[in-house]
Structures are given as C-alpha cells and as structure tokens.
Amino acid sequence: MRKITILALLAFCLPGHEARAAAPFSLEPFRRLVVLEQGRKKPMDTFARNLLKQFSGRSTLDGMDASAWLARVIFTPQETLEDKIFLVNQPEVLAAMGVEGQDRGRFSFAHLHPGLGRLHQLAFQSADQDESSRGRVENEAIRLFYNVSAYYRLLNAFNFARPGEEASRDPRNAPELPALLPVFSKPDEQWLSPAQAFARGSSLPASMQKEISLLAQAVQAYVQASENDFARALDAFSRSVRNRLQPGAIAADKLFLEIFYNRLDPFFKAELIYGLAMLLLLLSLALPRWRLQRWARLCLLSGFLFHTFGLAARMLIMNRPPVTNLYETFVFVAWAGVVIGLLMAWWQKQALGILAGAITGLAFLVIAGRYSLDGDTMGMLAAVLDSNLWLATHVVTISLGYAGCVVAGIIGHVVIVQELLAPRSAAAASTARPMYAALAFGLAFTCIGTVMGGIWADQSWGRFWGWDPKENGALLIIICCAILFHARLAGWIGHIGLAAGSIGAIIAVVMAWFGVNLLGVGLHAYGFTSGAARGLLAFVIAEILFLAAAVPLCKKKNRAASNEMSN
Amino acid sequence: MSINIKRFFSRFFRFLASLKLTVVSLLLLGLLVIAGTVYQAENGMYAAQREVFGAWIIRLFGIIPLPGLLLISLALFINLLAAVFFRLQYRWRQAGLLLVHYSLLLFMGGGFFIAVTAQEYFLTLHEGEESNVAIRVGAEEAQLEQNQEKVTLPIKIKLLDFEKTMHPGSDIPRSFSSRVEIVSANTRRRAVISMNRPLRYRDYTFYQSSYAEDGLGGESSTFSVVRNSGRWLPYIASALLFLGLAGHFLVMLAAALKNSRSAKVRP
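Conventions adopted
- Residues numbered from 1 in each chain as written.
- Chains lettered and ligands numbered in written order.
- Predicted model: local features only at pLDDT ≥ 70, side-chain atom pairs only at ≥ 80, totals over all residues.
- Heavy atoms only, no water.
- Helix = DSSP H or I, 4+ residues; strand = E, 2+ residues; numbered from the N terminus.
- Contact = heavy atoms within 4.5 Å.
- Salt bridge = Lys/Arg side-chain N within 4 Å of Asp/Glu carboxyl O.
- Buried < 20%, exposed > 50% of the residue type's maximum accessible area, 1.4 Å probe, protein only.
- Phe/Tyr/Trp six-rings, centres within 6.5 Å; stacked < 30°, edge-to-face > 60°.
- Pairing = 2+ DSSP bridges.
- Patch = residues over 30% accessible without salt bridge, like charges linked within 9 Å, V, L, I, M, F, W, Y side chains within 5 Å.
- Areas by Shrake-Rupley, 256 points an atom, 1.4 Å probe, with all protein chains shown as cover.

Residue and element names in this part refer to chain B. Here G218 lies in the loop between β9 (204-213) and β10 (219-227). Sequence-wise, G218 and F162 are 56 residues apart; in three dimensions their C-alpha atoms are separated by 9.2 Å. For G218, the contacting residues outside a window of four places in its chain are E127, A212 and E213.

Residues and elements named next belong to chain A. Enumeration according to the criterion identifies 21 salt bridges over all chains in this entry. Between E211 and R244 there is a salt bridge; the shortest N-O distance is 2.8 Å. Of this pair, E211 sits in helix α10 (residues 206-223) while R244 sits in helix α11 (residues 227-244), and the two are 33 residues apart along the sequence. Salt-bridge contacts for E471 lead to R463; the nearest nitrogen and oxygen are separated by 3.2 Å. The exposure class assigned to E471 is buried, which follows from its relative accessible area of 11%. What emerges from the salt-bridge pattern is a single network uniting E28, R31, D45, D65 and R263.

Okay, the packing of aromatic side chains next. Residue and element names in this part refer to chain A. Tallied over the full model, the rule gives 35 aromatic pairs over all chains. Geometrically, the ring pair formed by F109 and Y151 is tilted, given 5.2 Å between the ring centres and 50° between the ring planes. In this pair, F109 is assigned in helix α6 (residues 109-112) and Y151 in helix α8 (residues 136-155), connecting sequence segments 42 residues apart. Here the two residues F109 and Y151 agree in accessibility, since each one is buried. Taken together, the ring pairs connect F30, F75, F158, F160, F198, Y222 and F230 into an aromatic cluster.

Let us now look at the pairing of strand β4 (residues 130-136) of chain B. Residue and element names in this part refer to chain B. Where strand β3 (residues 119-126) meets β4, 2 bridges bridge the pair, whose relative direction is antiparallel. By the bridge assignment, Y121 is partnered in β4 with R136. Hairpin connection, β3 to β4: the antiparallel pair is bridged by 3 residues, and G128 has positive phi, about 95°. Two strands pair when backbone bridges link them, and β4 and strand β5 (residues 150-166) are joined in this way by 5 bridges, in the antiparallel orientation. The partner of V133 across the bridge, within β5, is T152.

Further remarks concern a nonpolar patch on the surface. Residue and element names in this part refer to chain B. Taken together, I5, F8, F9, F12, F13, F15, L81, F85 and F86 make up a surface patch of nonpolar side chains, about 910 Å² in accessible area. For the nonpolar patch, the element with the most residues is helix α1 (residues 2-16), which contributes 6 residues. Counting through the fold element by element, F86 comes out in helix α4 (residues 69-87). Judged by relative accessible area, which is 53%, F86 ranks as exposed.

So, on to the pairing of β5 of chain B. Residue and element names in this part refer to chain B. Here β5 runs beside strand β6 (residues 173-183); their pairing, made up of 10 bridges, is antiparallel. Across the sheet, the residue bridging to M166 is P173, located in β6. A loop of 6 residues connects β5 with β6, the two strands running antiparallel in sequence, and G169 in this loop sits at a positive phi of about 70°.

And the structure:
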C-alpha cells in the first residue's frame, strides 16, 4: 500500500532540474553518521555504497564516490534527477515501460519517469506471481521498481528541512530512509528516519527534536556550501545520538575502520593485482629471459597483503570469524587458494604455485565482486547460524577443504595440457606431485570440516547426520577424493586419471558449495541468483567437455609415445 | 577338496578386502547420494530418508531394483573390516591411515546403531501448557490423531514463555528461546531452551525446533526431543579421525622434509 501512495505522490511532485557541482568540501562527518539497515548499525558511507551498487552495479558515479552521490540525493535532490544510476539489465523492461532504450544500460530517474506508472503495474503483477514461474523480465521489473522507489524516498527524505517544501505530518507517508534516529520502545529497539521523526512532531522527546533541527541545519549548510556549519551540525547530531544509546553500542574506531575499508576496497585491489601476477607469469613462460617470474611472485604476495587486510578488517568490524555468509566463503576460499599457491611457490614449484594461487584468488574474488552487488556483505546472522565457535571451526575447515580441491583441479588442467604437449614427459609427472598433495589436503580438511559440522548439528539440533543437501555435497567431495586415492593405490589410474579426477573434484566442490543452494532445501540454503545458476551450469558443462576431449587424446598420445619408445 | 575350499575362501576374502570392491561401492554410494539429494529436493526430507537413505533396496521408476544406501553401506563396512584384517599394513608409517580407517568403521557402525536405536519426537506446547506426551517424528504426517505414535516422557515440560527477537529494523531473527519449567517426580526447576542451546535430561535432549503465533498474541513452541543412547559414538569416531589425519600429516611432512634435504645434499 505504501508503495502505491509513494507512486501516486511521485506523479505530482517532479521538481525542475538545475545543474550545480557536487559539494566542494569534506563529507567526513556525513560518512560517519550511523545508519541502521537490515539490523546492522553501519556508517553512512557503507549504506551509500550498498545503495549505489544495488542501483547501478558500480560503487562510484562519474568519479564521485557513493557518499558524495548520496549526499547530493538527499540534500539537493533536484540536481540528481538526470544522473544515470539505474542499471537495467533487461531492455524489455524499458519497452514495457514505454520509454526509450534498446540496450542494457544505465538510465536516469528523469528518463524513466514517464514509464513509472507502467513499471509499477508490471512490478506488482510480477510480485503476485509465484517466484518459480517468474521470468527474467518480471524479476528485473521488480528489482528496478524497488530501486526507483528507494531513490524516490531518498529524494523526499529531508523535505521537512527545505523551506517551501511541503512535508507530511502523517508518519505513514514519511519516507523511512535512512534510519538515523534510535528510539527505544519495548520490546525492540527501533530507528526512525528523519522524516518519520519529524512527522511525530511534538510527541518526540526534546533531545530528538534537537537532533532533527541539527539535521535541518546540516541541509541548509550543505546547500550554502558552508563546510564548518555542515560539520558542526552533523557532529553535534552524532554526539547526541551516541549519548542516547548504551555506551559501546557504536564503536567509533570500528566506524573509521569500516570507512577506511570501503575507501581502500582491498578485495578489488587484490583482484587486479592477482590478474597482473597471472599475466606476468604467462609472459615469463613465453619470455624466460626477462626474469618476470620474480615480479609475478611479488605481485601475488602484494595482492595477498591487501586480501589479508580485507579479511582481518571485516573480522574486526563484525567481531566474527572470517566466514559467516556465502560472500565470505568466496573471499576466504580465494585467500586460502593464494596461501596454498604461495606455499607451493616457496616449496620448489615456483611457477605452478603462482599460477594456481593467482587463478584461485582471481576467480573467486571476481565471483565475490559480482555477489556483493546484492547488498550489504556484512549482514547480521540468523539465529541458527549464530555461533562463533562453530563458524570459526566447521566453516573455516570446510572452506579450506574446498580450496585444496580447487587448487588440485587447477593443477589438474596443467597436467593434462602438459601431457598433450609432451606425452610421458617428466614435467607432467613432476606437476602431478603437488596436485596429489593438494587433493590430500582437500580431502583431509573436507573430512574434518564435515565431521565438525556433524558435531555442531548434534550439539544444536540433536542429530549428527541428517542427509541435508549440504551434508550430502560434502560427502560427495569426500567420496570423489576417496575414489581417486584408492583407484590410484590399485594402479588403475595414473597421473592423467588423477588430473581428470581432480577436475571432477572441482565440479563436486562447486556443486556442494553453491549447487545445493539452487535446490533451495535444507538448513544451508541461503538463496542464490538465477544468473549465477546459469554461470555454474556453463562452467560444469565446459569442464565436462574439456575432459571428454582432452583425456582420450591424452591417452592416445601417451600410447603412441610409449610405442615409439619401445620401438 | 580341502585345497579347493581353501582356495575359494582365500579368493573370497581377498575379494572382500579388495580395492575393487571399495571403488565400486564408493562410486555407487556417490551416485546414490546425488540421486537422493535430487529426490529430496522434489519429495522432501522425510520421503528421501524413507525411500533412499534408509532403504536396503530402491526401485528405480518403481520397478528396477537397485541397491539402497543401507546395502551399499553394508558392502563398504564389510570391505573396510576385511581390509583392516587382511589388507592394510601394520607399520608405523601407516599408523595415521589405520586410525582413519578404524574411525570410518566406527562412524558407520555408530551410524547404524543410532539409526536403529535413536528416537526423535516432537513436543508442541502453548504458553502456560504443561505436558509429557510427545509425538514420534514422521507420525505428524498421519491425518488422524489416533494414528500418531505417542510416547510419555519421564518429565513434564511447562512452557512459561516463548520469546523471539529480531535484529532491529530487519526481518532477520536474532534468537528464539523458550522459558520452561521442568517437572519431575518431586522437583520443579526453571530452564531456558534456545537455538543452539538445548536442554539435556538423562539420555533425552530437548532442542528449540520451531514456533507458531496464534494471532491473538499467544505463542506456541515446538521442541524436538531426541533419545539417543549412542550419542557419544560419532564423537569417539571424530576424535580417532582427527588423530589419524594429524598423525598421517606428520608422517608425510617428515618424509617430505627428509626427501628435500637429501635432494639438496646430493647434487
């Protein structure tokens, strides 16, 4: 109902557009305002970033960072109507809205505005449909409508502070973003947006009325580009909110750390550096005289430092072990893969270690980056998962097991390629040894992690094993590795077979890791996007095709080579 | 004649302990786990337990009989037992791997013991209600109340209050907990059962399982009640597995260090 009212309002109050530059002064006091979103108290900077990523798939707009963008949206809304911030992945949605646009791209609110009535209708009809029967266009319509209405609420968030604007005194019509003002009503803590608080009027305690007027002063100061007044008003606001909360409810050092983490964007930097490491390594193989391998190793190491800082910062900010959600499994497995690669590089296998580490790090950080577009990656934990002890043991060990199997599979590709280029060469045999070790590492940690999961389940739900899909997935990895080791022991497979089997283990890992989430049952099903499902399927098919083509060819060449030798 | 019989038996035991049997059983087990997971996604956890994971024989498309999980597990168990007796080498180098295989025997044996002996019930209480009658899991699917298998627990549980808290400003549950009173023959004591913190009473364990709101402000809480006298078995098996893996890792590490040292010295 609320969305309908908002859309009805929308049709009336579209202000005109006049251009003005972004704030020429420091937005630090704005960045460190505390916002409550999805149960977490976070700096405005993170809120802005998540919002802009969710809208546009990027964390900056025309060189402006997300906080600067959000400040413009809420303080000087008219200036942002032409900003191209709404990413539309399915152009059919534009056609359905009756607005121009042939391709996937980013569009401004002003551009989409004439079609919003139709978008609203489409989105609501789509939302009424069963989730499984919705198509791509329906889902995109819902997403776009959700984003546009969030933006619209932000446009009107500070209307009460602008002279000449009508602000509703009815709390139901007040935009509920961003939630800046805590109130304590039993049984739960609740946070109001400035507009909601304003609409409550004289029923508010004096301290909150003061806070609202401070926010209004900040709006004025921003519009008049008066840096000192802006900082003074927002800092006074933050102090007042903090005084009303329990001591320690907002840790200032963690806010600073989070803002620094946002600005550094360590995982993105690590991703780029890993990519560079891989390029340098490939170049070094082509041009051995240039001695590029040392530089590749240096790159991998420096990417690893960013990566490690990112992990550590998140642990400090959330007071959590490194892995608590699907996003963090990607980041952590990438990290563990780099650790294994670095260890291998240090332990004789220089080039192979760098290659395996850089590929694992790069691939999973890219997936993590995609996944982070869905919203805050530091979400609160649901009650079932809320146990630091088990998150630190079960989840970490099982992720290490995944990393071991993935690295083994990557080396498996190298072994097969080496066998294709030079059958029965010493190079392939020597590459196969670290593959064997990585697979053993993967099997051992998957076993330990699975057993710890069983203990967690027994402690918390009264059963050690329940054939939950995620448990089955882990069991499948174990079975896959166990088959390989026993077949190898019996002498039925050599290193080509082991290499092919390691690639099979990667498939088992990705199925166990997020394939079972696609089935959507059980305790571990934490939602997954359909685009990811297609990517996963494409990956599995590509690997199977690779195996089907390369392994028989390998065997043939191998036989030919051994015939030659015996002749 | 006796030579023939002897030869037959030695061949038979060699087959039972063979790697061939291991690999074939593991392959079948893997396929069955995949099939069972897919079946479960379509037909639910309980049906999958009954038709696949708790079955000796499964019938593909209702006709073609195939070995079920129990049969394959039995084959693996016998294979493992025979391997432990006849095939595995009792040397210090192999000590870790031996422990790992023993732990697997204990996991499978323990799992079978628990599957046969452990019982799981549901106990649903409204706020203020006191009861010691729980319903067998799976039986709640029975349409008629008299068909539900019931059991009387040694203690009565009274639900004083159920509390659900959410992370503020979100729909993410922060905690579920039930304040209860435990009524045994001559004592009454208060306790809290919450997510990840069960209540244990002798060999019974009470877990916070689900809740319901009746729309009038009243709440009910459902506990899963597990009676499992073999609960400690997987713990011992886990300890053996950890020890075995750690031991084998140390053996391998020592060998690798020795190798790399001698490799460095020799050239």
